[in-house]
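Fold and geometry: a report
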Amino acid sequence: QTLTTTVDGGRSPQVAMDSRGRAVVTWRHSGLEFRTRGAGGVLGPLQQFTTATDADVPVLKGDPAGNTVAVWSSASVVQARTRSQAGVLGPIDTFSIDGQPSFGGVAAIGTNGDAIVAWGQLDGLGQCSGGTSCNRIGAAADP
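Scope of this entry: the structure provided in the associated data block.

Rules and cut-offs
- By convention here, each chain's residues receive numbers from 1 onward along its written sequence.
- Two thresholds apply to this predicted model, a pLDDT of at least 70 for residue-level local features and 80 or more for giving and counting side-chain atom pairs, whereas whole-chain, interface and lining totals are computed over all residues.
- Excluded from the side-chain calculation are hydrogens and water; included are all heavy atoms of the structure.
- Secondary structure elements are defined from DSSP: runs of H or I of at least 4 residues count as helices, runs of E of at least 2 residues count as strands, and each element is numbered from the N terminus.
- Note on classification: 1.4 Å probe, protein chains only; a residue is buried when its accessible area is under 20% of the maximum for its type, exposed when over 50%, partly exposed between these limits.
- The contact definition used throughout considers only heavy atoms, calling two residues in contact when any of these lie within 4.5 Å.
- Reported accessibility uses the Shrake-Rupley method at a 1.4 Å probe radius. Residues are deemed covered only where the shown protein chains occlude them.
- Under this rule, positive means Lys or Arg and negative means Asp or Glu; His and the chain ends count for nothing.
- Charge positions come from single atoms, namely NZ of Lys, CZ of Arg, CG of Asp or CD of Glu.
- Throughout this description, the term nonpolar core refers to a set of buried Ala, Val, Leu, Ile, Met, Phe, Trp, Tyr and Cys residues connected via side-chain atoms within 4.5 Å.

A word on the overall build of the chain
Counting secondary structure elements, the chain contains 0 helices and 11 strands. Mapped from its N terminus to its C terminus, the chain presents α and β elements in the order β-β-β-β-β-β-β-β-β-β-β. With the C-alpha coordinates of the chain rotated into their principal frame, the extents come out at 60 × 35 × 20 Å. The burial tally for the chain puts 38% of its 143 residues in the buried class. Sequence-distant contacts, at least 24 apart, represent 34% of the contacts inside the chain between residues at least 6 apart. Entry remark: accessible area of the chain is about 7300 Å², with carbon and sulfur atoms responsible for 52%. Distance between charge centroids for the chain: 10 Å, based on 10 positive and 11 negative side chains.

As structure tokens, then:
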């Protein structure tokens, strides 16, 4: 099956599947697009986690019930958005400590749809030895 709808659409694919064989498949194109695929192969409509054209490095995680969380980098920050098993999209959340640029977002999702997102960033404050910036790791629950 072809999930994308354009000839040039579709980079950096990610897949999350629930315990009944239903899947969410996401990829980079005009933001971060996705479609669902039923266990019998029926494709859902084309949707977007974000329309930001600089969305990059997508990560998609799901739980056995079909809740998913998508994480990506956009405009020097890590962002995430949830999708419930019923198909409801949550708000886009941005992850950063003290407004500094963040990178390398990863996610985990528990059996009840509770998610955690972790990311790295430089503190930008020059507080390490020799006046250099330190690397920090942040984490937030329930994006």
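What to know about the nonpolar core
Membership of the largest hydrophobic core is limited to 11 residues, which are Val 59, Val 69, Val 71, Val 78, Ala 80, Phe 95, Ala 107, Ile 109, Ala 115, Val 117 and Trp 119. Looking at this core, the elements that each hand over two or more residues are β6 (68–74), β7 (77–83), β9 (103–109) and β10 (115–122). No other element matches the 3 residues that β10 contributes to this core. Counting 9 residues, the second largest nonpolar core, distinct from the first, contains Val 24, Phe 34, Phe 49 and Trp 72.

Considering unusual backbone geometry
Here Ser 12, not a glycine, exhibits a phi torsion of approximately 55°, which is positive. Examined against the element boundaries, Ser 12 turns out to sit in strand β1 (residues 11–17). The phi torsion at Val 57 lies on the positive side, around 55°, for a residue other than glycine. With respect to the helices and strands, Val 57 occurs in strand β5 (residues 56–62).

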